[in-house]
Amino acid sequence: MEKERKNAGHQDTGLLFLVLFLLICGLVFLYSTSAYNGRVKFHDSAYYFKKQLFATSLGLMGMYLVSCMDYHILVRFAPFFYLVSLVLSLAVLLFGDEYNGSKRWLSIGPLSFQPSEFAKVAVILLLTHVIIRSAEQKQGILHMAGTMMLLLPIVGLVGTNNLSTAIIILGIGVILIFVSNPRYLPFLGIGAVGVVFIGIFLGMASYRLERLAIWRNPEAYEKGFQTIQGLYAIGSGGIFGRGLGSSLQKLGFVPEAQNDMIFSIICEETGLVGACLLILLFGLLIWRLMVIATHARDLSGALIAAGIMGHMAIQVILNIAVVTNTIPNTGITLPFVSYGGTSVLFLLGEMGIALSVSRYEEP
């Protein structure tokens, strides 16, 4: 205990620096991308920037408070957090607000938020809680399947209107079970079941099949307009870009450019060089999370850091893959960069948990 107390308090400064640097870059890119839309819709070019800055400020305070906590307390209350996420996700289906054809938001007075962002954190904590409690049991395929079954309620509720978040949650589950299990063969079976499950889920709604058709041939569909304009933005950026603030595609050609498609405007303004540097920043962030997971004092800390690392990696890869039309459009944000107060709040909360784990690293 004395040794643990002595090591506590030394947070990962590398992770903290990367998070802060990404936040600054994100705010700069967001202002550059959203100024036109803000001026046209709200007569304020800094409208989106000011809202994101406010959410970021709250998130930084939350990150600091969470980083000072013992992460074992959060793991202890994981079942409660998961239950809350289920209730909130159900409330979205019953009372949620619909924007751009998707019902993903809950409103409480003047504030609105996306419960699906909280669900990601709740799932990481729940799986950590479950895996630790069953660490002494045999880690067979039935046990792994049973653990994944715990996620089906939240995946079903969230996936009804937000397939991308459902995929992220399933991905987090697979990563955490993979990290906690020394065997590799059972994951082939889990992967096959996952492919079948996603195929069935895609076939349950006609608009999801339509997205597949748009992905294969966006020029043939009116809804492929956003994808085509995003690709125009990427191509017109060249090697070094047009210059920060000089994008043409953000002037109404890429709809809601400050949201999911912001990476295309970053490519247009900063070129291939700027896009690669941003990807490098995300890569370094994921690497620091991996280092924290590797050096965590116990299994609980390792699983939490690995879950956050998995969430970050999956979301970055999916967003960039969607923008470049490598996969069908799923409506997913780029962490710390895309506009979205709820997203940045809970992402910073996750970074706070990772910093808390880093305080108790092995010497």
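Reading guide: rules and limits
Every residue gets a number counted from 1 within its own chain, in the order that chain's sequence is written. With pLDDT at 70 or above as the cut-off, local features in this predicted model cover only qualifying residues; side-chain atom pairs require 80 or more to be listed or tallied, and sums for whole chains, interfaces and linings still use all residues. Side-chain figures throughout are based on the complete set of non-hydrogen atoms in the structure, without hydrogens or water. Secondary structure follows DSSP: runs of H or I at least 4 residues long count as helices, runs of E at least 2 residues long count as strands, and numbering of each begins at the N terminus. The classification of residues rests on relative accessible area computed with a 1.4 Å probe and restricted to protein chains. Under 20% of the type maximum is buried, over 50% is exposed, and intermediate values are partly exposed. Contacts between residues were defined by any pair of non-hydrogen atoms, one from each residue, lying within 4.5 Å. A 1.4 Å probe and the Shrake-Rupley method give the accessible areas. Residues count as covered only by the protein chains that appear here. A pair of Phe, Tyr and Trp rings is counted when the ring centres sit within 6.5 Å of each other, with Trp represented by its six-membered ring. The angle between the planes then sorts it: under 30 degrees is stacked, over 60 is edge-to-face, the rest tilted. Angles here are taken between N-to-C directions and fall from 0 to 180 degrees, while the axes themselves are lines fitted to C-alpha atoms, restricted in helices to the stretch in contact. Working definition: roughly parallel below 35 degrees, roughly antiparallel above 145 degrees, roughly perpendicular at 65 to 115 degrees, and oblique for all remaining angles. A crossing counts as left-handed when the near helix is turned anticlockwise from the far one by less than a right angle, and as right-handed when that turn is clockwise. Bending is quantified residue by residue as the angle between axes fitted to the seven-residue window ending at that residue and the seven-residue window starting at it. Here a polar contact is recorded for every N or O atom pair within 3.5 Å, except that within protein the pair must consist of a potential hydrogen donor and a potential acceptor, and residues adjacent in sequence are included only if both atoms are side-chain atoms. We count a salt bridge whenever a side-chain nitrogen from Lys or Arg sits within 4 Å of a carboxyl oxygen from Asp or Glu. Residues belong to a common nonpolar core when they are buried Ala, Val, Leu, Ile, Met, Phe, Trp, Tyr or Cys residues joined through side-chain atoms within 4.5 Å. Here a helix's expected span is defined as the number of its residues, less one, multiplied by 1.5 Å. pLDDT is a per-residue confidence score from the predictor, ranging from 0 to 100.

So, on to the overall build of the protein. Per the secondary structure count, the protein includes 15 helices and 3 strands. The buried share among the 363 residues of the protein stands at 51%. When contacts within the protein are restricted to residue pairs at least 6 apart in sequence, those whose partners lie at least 24 apart make up 73%. About 17,000 Å² of surface is accessible on the protein, with carbon and sulfur atoms providing 69% of the total.

Under the definition given, this model contains 9 aromatic pairs. Ring centres of Phe-17 and Phe-21 lie 5.9 Å apart, and the angle between their planes is 10 degrees; on these two criteria the pair is classed as stacked. Placement of both Phe-17 and Phe-21 in helix 2 (residues 13–42) is noted, with a separation of 4 residues, approximately one turn of the helix. Ring centres of Phe-118 and Phe-346 lie 5.7 Å apart, and the angle between their planes is 50 degrees; on these two criteria the pair is classed as tilted. Of this pair, Phe-118 sits in helix 6 (residues 115–133) while Phe-346 sits in helix 15 (residues 341–358), placing them 228 residues apart in sequence. You can call Phe-346 partly exposed: its relative accessible area is 26%.

This brings us to the packing of helix 3 (residues 47–67) against helix 15. Helix 15 packs onto helix 3 with a crossing angle of 20 degrees between their chain directions and a minimal axis gap of 8 Å. Taken as axis vectors, helix 3 and helix 15 run roughly parallel relative to one another. In this structure, helix 3 crosses over helix 15, and the sense of that crossing is right-handed. Here Gln-52, Ala-55, Thr-56, Leu-58, Gly-59, Leu-60, Met-63, Val-66 and Ser-67 of helix 3 lie close against helix 15, whose contacting residues are Gly-341, Val-344, Leu-345, Leu-348, Gly-349, Met-351, Gly-352, Ile-353, Leu-355 and Ser-356.

Let us look at helix 2. An α-helical turn contains 3.6 residues, so any two residues separated by three or four positions project in the same direction. Within helix 2, the axis deviates most sharply at Ser-34, by approximately 50 degrees. N-capping of helix 2 is provided by Asp-12, with a side-chain oxygen placed 3.1 Å from the backbone N of Gly-14. One or two steps after helix 2, the chain reaches His-43, where phi turns positive at roughly 55 degrees.

To continue, consider the side chain of Ser-343. Along the chain, Ser-343 turns up in helix 15. Taking relative accessible area as the criterion, Ser-343 reaches 9% and is therefore assigned buried. Those residues in contact with Ser-343, other than ones at most four positions away along the chain, are Glu-117, Gln-315 and Thr-333.

Attention now goes to the pattern of salt bridges. Applying the stated rule across the entire model yields 6 salt bridges. For Asp-12, the salt bridge is made with Arg-288, and the minimal N-O distance between the two is 2.5 Å. On the criterion of sequence distance, the pair formed by Asp-12 in the loop between helix 1 (2–7) and helix 2 and Arg-288 in helix 13 (residues 262–294) is long-range, its members being 276 residues apart. By relative accessible area, which is 8% here, Asp-12 ends up buried. Among the residues examined, Arg-288 registers a relative accessible area of 17% and is labelled buried. Across the salt bridge formed by Lys-50 and Asp-44, the nearest N and O atoms sit 2.7 Å from each other. Overall, the relative accessible area of 22% leaves Asp-44 in the partly exposed class.

The biggest cluster of nonpolar side chains holds 84 residues, and the ones touching the most others in it are Leu-15, Ile-154, Leu-285, Leu-334, Phe-336 and Met-351. What Met-351 contacts, discounting residues up to four positions off in sequence, is Leu-15, Val-19, Met-63, Leu-285, Leu-289, Ile-308, Met-312 and Phe-336.

How two helices sit against one another is set out by the angle between their axes and by the gap between those axes. The interhelical angle for the contact between helix 12 (residues 225–237) and helix 13, taken along N-to-C directions, is 20 degrees, at an axis separation of 7 Å. As the angle between them shows, helix 12 and helix 13 are arranged roughly parallel. The handedness of the crossing between helix 12 and helix 13 comes out as left-handed. Mapping the contact onto sequence places Gly-230, Ala-233, Ile-234, Ser-236 and Gly-237 in helix 12 and Ser-264, Ile-265, Cys-267, Glu-268 and Gly-271 in helix 13.

The next point concerns helix 14 (residues 299–323). Its 25 residues place the ends of helix 14 36 Å apart at the C-alpha level, agreeing with the 36 Å of an ideal helix rising 1.5 Å per residue. Looking one or two places after helix 14, you find Asn-325, whose phi comes out positive at around 60 degrees.

As a note on interpretation, predicted positions should not be read in detail where pLDDT is low. Predicted confidence across the protein gives a mean pLDDT of 87, with 90% of residues reaching 70 or more. In the model, residues 1–6 has pLDDT below 50 throughout and makes 3 contacts with residues more than four positions away in sequence or in other chains.

Position of Thr-128 relative to the elements: it lies in helix 6. The exposure class assigned to Thr-128 is buried, which follows from its relative accessible area of 0%. At 2.8 Å, the side chain of Thr-128 and the backbone oxygen of Ile-124 are in polar contact.

Here we take up the environment of Thr-324. Its place among the elements puts Thr-324 in the loop between helix 14 and helix 15. Linking Thr-324 and Gly-230, residues 94 residues apart in sequence, is a C-alpha distance of 7.7 Å. In this structure Thr-324 touches Leu-231 and Ile-234, once residues within four positions along its chain are discounted. Among the polar contacts made by the side chain of Thr-324, one reaches the main-chain carbonyl oxygen of Ile-320 at a distance of 2.8 Å. From its side chain, Thr-324 meets the backbone oxygen of Ala-321 in a polar contact 3.3 Å long.

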